[in-house]
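Secondary and tertiary structure notes
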Amino acid sequence: MNYYGQYEDLLVERLRMDGVYTSVLPYVEALNVVRPTNKSQLFVIINGGNFEEPSNLGVISQLETVNCEVFIRALKRRGELGIFDLYEKISRRLLGYKLPHAQSAITFNSFGYVAGVQNNWQYALTFSFGHYKVESPDEQPTETIKQITNKI
């Protein structure tokens, strides 16, 4: 699995809480599907990244700013497990958290309204963190030593 998939799985685990369904966004239409229960939902997605100028110290590397979102779906905006309560809980779990092998901790970009039909409120919290992308040098072919002759 690539590092995007690993990061999504780690973020889902970090955001798990009682009374809330949390998963990776399986497909875009999931945001419009009627919820099977009254449980609030959190969907994590990595949208991609932006790269800085490469550096070359024998091996080329680039700092990537990985852009992510958490979609929050709830029946209400206020109160226990409503949009604003979940936003606060998510904020405490993510802001400043550094994922394994990441270059920098998570920082927030925006939080806002996405949609709201029939008390199905949807908001999104966007955030980012740094990750180095490093060149994978080509493997040099190696040959097996078949005989060693010592001249003493």
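Anyway, here's the lowdown on the structure attached to this text. (Residues numbered from 1 in each chain as written. Predicted model: local features only at pLDDT ≥ 70, side-chain atom pairs only at ≥ 80, totals over all residues. Heavy atoms only, no water.)

Looking at the overall build of the protein chain
Across its full length, the protein chain carries 2 helices and 6 strands. Its C-alpha radius of gyration of 22 Å places the protein chain more than 25% over the 15 Å reference for a compact globule of 152 residues. When its C-alpha atoms are laid out on the principal axes, the protein chain stretches across 90 × 30 × 25 Å. Burial status across the protein chain gives 36% buried among its 152 residues. The contacts in the protein chain between residues at least 6 apart in sequence include a share of 57% that link residues at least 24 apart. Surface accessibility of the protein chain: about 10,100 Å² in total, with carbon and sulfur atoms responsible for 51%. Between the averaged position of the 15 positive side-chain charges in the protein chain and that of its 16 negative side-chain charges there is a distance of 10 Å. (Helix = DSSP H or I, 4+ residues; strand = E, 2+ residues; numbered from the N terminus. Rg over C-alpha atoms; globule rule 2.2 N^0.38 Å. Buried < 20%, exposed > 50% of the residue type's maximum accessible area, 1.4 Å probe, protein only. Contact = heavy atoms within 4.5 Å. Areas by Shrake-Rupley, 256 points an atom, 1.4 Å probe, with all protein chains shown as cover. Lys, Arg positive; Asp, Glu negative; His and termini not counted. Charge placed at Lys NZ, Arg CZ, Asp CG, Glu CD.)

Digging into the pattern of salt bridges
Under the counting rule described, the total for this entry stands at 3 salt bridges. In this structure, Arg16 engages Glu13 in a salt bridge whose closest nitrogen and oxygen atoms are separated by 3.0 Å. The class of Arg16 is partly exposed, set by a relative accessible area of 42%. The partner of Asp85 in a salt bridge is Lys89, and the shortest N-O contact between them spans 3.1 Å. Taken as a pair, Asp85 and Lys89 lie in helix H2 (residues 83-94) at a separation of 4 residues, close to a single helical turn. There is no split in this pair, since Asp85 and Lys89 are both buried. When salt bridges that share partners are traced, they join Glu80, Asp85 and Lys89 into one network. (Salt bridge = Lys/Arg side-chain N within 4 Å of Asp/Glu carboxyl O.)

So, the packing of helix H1 (residues 3-15) against H2
Here H1 crosses H2 at 120°, and the two axes come no closer than 10 Å. In terms of orientation, H1 lies oblique with respect to H2. Considering the relative orientation of H1 and H2, their crossing is right-handed. The residues of H2 that touch H1, namely those facing Leu11, Arg14 and Leu15, are Ile90, Arg93 and Leu94. The residue makeup of the contact of H1 with H2, split by class, is 4 nonpolar, no polar and 2 charged. (Axes fitted to C-alpha atoms, helices over the stretch in contact; angles between N-to-C directions. Parallel < 35°, antiparallel > 145°, perpendicular 65-115°, else oblique. Left-handed = near helix turned anticlockwise from the far one by under 90°. Nonpolar A, V, L, I, M, F, W, Y, C, P; charged D, E, K, R; others polar.)

What to know about a nonpolar patch on the surface
Taken together, Val59, Tyr132 and Val134 make up a surface patch of nonpolar side chains, about 250 Å² in accessible area. Summarising the element assignment, Tyr132 is placed in strand E6 (residues 120-134). We classify Tyr132 as partly exposed; its relative accessible area is 41%. (Patch = residues over 30% accessible without salt bridge, like charges linked within 9 Å, V, L, I, M, F, W, Y side chains within 5 Å.)

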